[in-house]
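Remarks on the overall topology
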Amino acid sequence: MIPYGRQDITQEDIDAVVAVLRSDFLTQGPCVPAFETAVARHVGAAHGVAVNSATSALHIACLALGLGPGDWLWTTPITFVASANCGLYCGAQIDFADIDPRTYNLCPQALEEKLLAAQAAGRLPKVLVAVHLCGQPCDMEAIHALGQRFGFRIIEDASHAIGGKYKGEFIGSGRYSDITVFSFHPVKIVTTAEGGMAVTNDPQLAEKMALLRSHGITRDPQQMTHPADGPWYYQQIDLGFNYRMTELQAALGISQMQRLDQYVARRHKLAIRYDNLLAALPVTRPWQHPDSYSGLHLYVIRLQLDQIGKSHLEVFESLRQQGIGVNLHYIPVHLQPYCQAMGFKRGDYPEAERYYEEAISLPMFQTMGLDQQDAVLAALRNTLIA
Ligand SMILES: *Cc1c(COP(=O)(O)O)cnc(C)c1O
């Protein structure tokens, strides 16, 4: 089976992790801050806070922005459930705005209409999570302008988008948001096995997130409410968690980061080749925004079902039977039973639901060979025009 995504682990990666195993610190040593610096510097952010997953990063990002009971968090329905769950962890309520049928990202017009209605009803969101689906940045300029106008804060969920650019700047530079979150799960572009990071230019947000990642405990006398009792002393000044990243993960991340630009370039090469090879097939290829450079975590096609004598499910199953590990990103979050129990209904977000009826993620990973890509093509041709 050709997987839809797969990590690339080199001998240097292995050596870096083994060196940590032989060192004094398996956690809370020098690698985590070095990894934070490496990522923050690469993307052009002032601060990085490494944690054990992007889900944890989203949670502490929401808390740092003051999200709590009585507040609303909005996001897109076409994302992984974690982009919405972070709001629920904080006791806030969640809601969605529909996607743009061309980019599959949050649609600024749909968002604006919904904000106007929410304003009239007195329930504007406190936080918006903008997800850069497949690695293609959202229309952040428009979303940021709406944030200024309606008074909400912005988290970029860039789990798919590390190494990508928006209007010439790396995603994570923070020009149009408060906090950007990356995931280092093995299917993502850079991996630490499990892991995530929140980057920001705001030193207070960074300090708050660093505190929340480790029990709300500080050893910094400046943060303490009264002088330390002695050299053993630490103080819990907030309710935090154990969301720490290990030294092994950070060492792997530092090693992987050196290949980030190369990884994204390879993904672009594969995407351009897919674009050409798929041109004659009854599928819609991913539209790329001229102002942006996608991280290209995923390559999603949409089936032109009126031109194919098979259903979406039949096409999917036929590709899997031919050894192509296609996938579907994502089941609209509002259609999940957990969300339906909150009152969301089928029909709430028609563009997202239409996308779900047609989308298929083709294999896309940095070590994918052109022969593997040819095999994907042959299987698609076989399924769609046979
Ligand atoms: C993978 C992913 C997450 C969660 O990442 P973890 O590191 O697995 O917690 C969140 N949002 C999106 C869009 C993702 O793709």
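These lines cover the structure that appears in this document, whether it is placed above or below. This one's a predicted model, so the numbers in the text were calculated from it and none came from an experiment.

1. So, the nonpolar core
In this structure, Ile155, Tyr274, Leu278, Ile301, Ile360, Leu362 and Leu380 are the most contacted members of the largest nonpolar core, which totals 76 residues. Among the elements that take part in this core, helix α3 (residues 54–64) stands out by supplying seven residues, more than any other. Sequence-distant contacts of Ile155, that is, excluding residues within four places in its chain, are made with Leu58, Ala61, Cys62, Leu65, Val127, Leu128, Val129, Ala130, Ile179 and Val181. In this structure, Ala50, Ile162, Ala251 and Met257 belong to the second largest nonpolar core, which totals 27 residues.

2. Some thoughts on a nonpolar patch on the surface
A surface patch of nonpolar side chains, amounting to about 400 Å² of accessible area, comprises Ile9, Ile14, Val18, Leu21 and Leu26. For Leu21, the position within the fold is in helix α1 (residues 11–21).

3. Brief notes about the packing of α3 against helix α4 (residues 82–89)
Packed helix pairs are characterised by how far apart their axes lie and by the angle those axes make with each other. At a minimum axis distance of 9 Å, the contact between α3 and α4 shows a crossing angle of 45°. In terms of their interaxial angle, α3 and α4 are classed as oblique. Two packed elements cross with a definite hand, and for α3 against α4 that hand is right-handed. In this structure, α3 contributes Thr55, Leu58, His59 and Cys62 to the contact, and α4 contributes Ala82, Ser83, Cys86, Gly87 and Tyr89. Per-class residue counts for the contact of α3 with α4 are five nonpolar, four polar and no charged.

4. A word on the sheet that holds strand β15 (residues 359–362)
Across a sheet, strands are paired by hydrogen bonds formed along the backbone, either parallel or antiparallel in direction. Taken in spatial order, the three strands make up an open sheet running β12-β14-β15, and their pairing is antiparallel. Only two strands of the sheet have a single partner each, and these edge strands are β12 (283–284) and β15. Strand direction decides the pairing type here: β12 and strand β14 (residues 299–303), joined by two bridges, are antiparallel. Within β14, the position partnered with Thr284 by the bridge is Arg302. Strands β14 and β15 of the sheet are contacted by helix α10 (residues 312–321), whose axis makes an angle of about 15° with β15.

5. Considerations on the site of the ligand
Near the ligand, the surroundings consist of 15 residues, among which Thr55, Asp157, His160, Ser183 and Lys188 are the closest. At 2.7 Å from an oxygen atom of the ligand is found a side-chain nitrogen or oxygen belonging to His160. Expressed as a share of its isolated accessible area of 380 Å², the protein-covered part of the ligand is 92%. Judged by the fraction of its atoms near the pocket grid, the ligand is located in the second largest pocket. Elements with a minimum of two residues in the shell around the ligand: α3 and α4. Tallied by class, the residues present in the shell around the ligand amount to five nonpolar, eight polar and two charged.

6. Points about empty space enclosed by the protein
Counted according to the given criterion, the structure contains two cavities of 30 Å³ or more. The space that makes up the largest cavity amounts to roughly 100 Å³. As for the largest cavity, its lining consists of 13 residues, and the residues nearest its centre are Cys134, Gln136, Pro286, Trp287 and Gln288. Here the residues of the lining of the largest cavity are counted per class, giving eight nonpolar, four polar and one charged. Roughly 80 Å³ of volume is contained in the second largest cavity.

7. Side note on the environment of Ile324
By the secondary structure assignment, Ile324 is in the loop between α10 and α11 (337–340). Its relative accessible area of 1% is what places Ile324 among the buried residues. Taking the C-alpha atoms as reference points, Ile324 and Val181, separated by 143 residues in sequence, lie 30 Å from one another. Residues in contact with Ile324, not counting those within four places in the same chain, are Met1, Ile2, Leu319, Pro363, Ala375, Val376 and Ala379.

8. Points about the side chain of Ser83
The residue Ser83 is located in helix α4 in this model. In terms of polar contacts, Ser83 uses its side chain to reach the side chain of Asp157, at 2.8 Å. Those residues in contact with Ser83 that lie beyond four places of it in its chain are Leu58, Leu73, Thr75, Val129, Val131 and Asp157.

Criteria and thresholds
- Residues numbered from 1 in each chain as written.
- Predicted model: local features only at pLDDT ≥ 70, side-chain atom pairs only at ≥ 80, totals over all residues.
- Heavy atoms only, no water.
- Core = buried A, V, L, I, M, F, W, Y, C linked by side-chain atoms within 4.5 Å.
- Buried < 20%, exposed > 50% of the residue type's maximum accessible area, 1.4 Å probe, protein only.
- Helix = DSSP H or I, 4+ residues; strand = E, 2+ residues; numbered from the N terminus.
- Contact = heavy atoms within 4.5 Å.
- Patch = residues over 30% accessible without salt bridge, like charges linked within 9 Å, V, L, I, M, F, W, Y side chains within 5 Å.
- Areas by Shrake-Rupley, 256 points an atom, 1.4 Å probe, with all protein chains shown as cover.
- Salt bridge = Lys/Arg side-chain N within 4 Å of Asp/Glu carboxyl O.
- Axes fitted to C-alpha atoms, helices over the stretch in contact; angles between N-to-C directions.
- Parallel < 35°, antiparallel > 145°, perpendicular 65-115°, else oblique.
- Left-handed = near helix turned anticlockwise from the far one by under 90°.
- Nonpolar A, V, L, I, M, F, W, Y, C, P; charged D, E, K, R; others polar.
- Pairing = 2+ DSSP bridges.
- Near = heavy atom within 4 Å.
- Polar contact = N/O pair within 3.5 Å; in protein donor to acceptor, adjacent residues only side chain to side chain.
- 1 Å grid on protein atoms, 1.4 Å probe; cavity = no way out; pocket = protein on both sides within 12 Å on 5 of 7 lines; lining within 4 Å.
- Sits in = over half its atoms within 2 Å of the grid points.
- Points joined across faces, edges and corners; volume = space filled by probe spheres on them.

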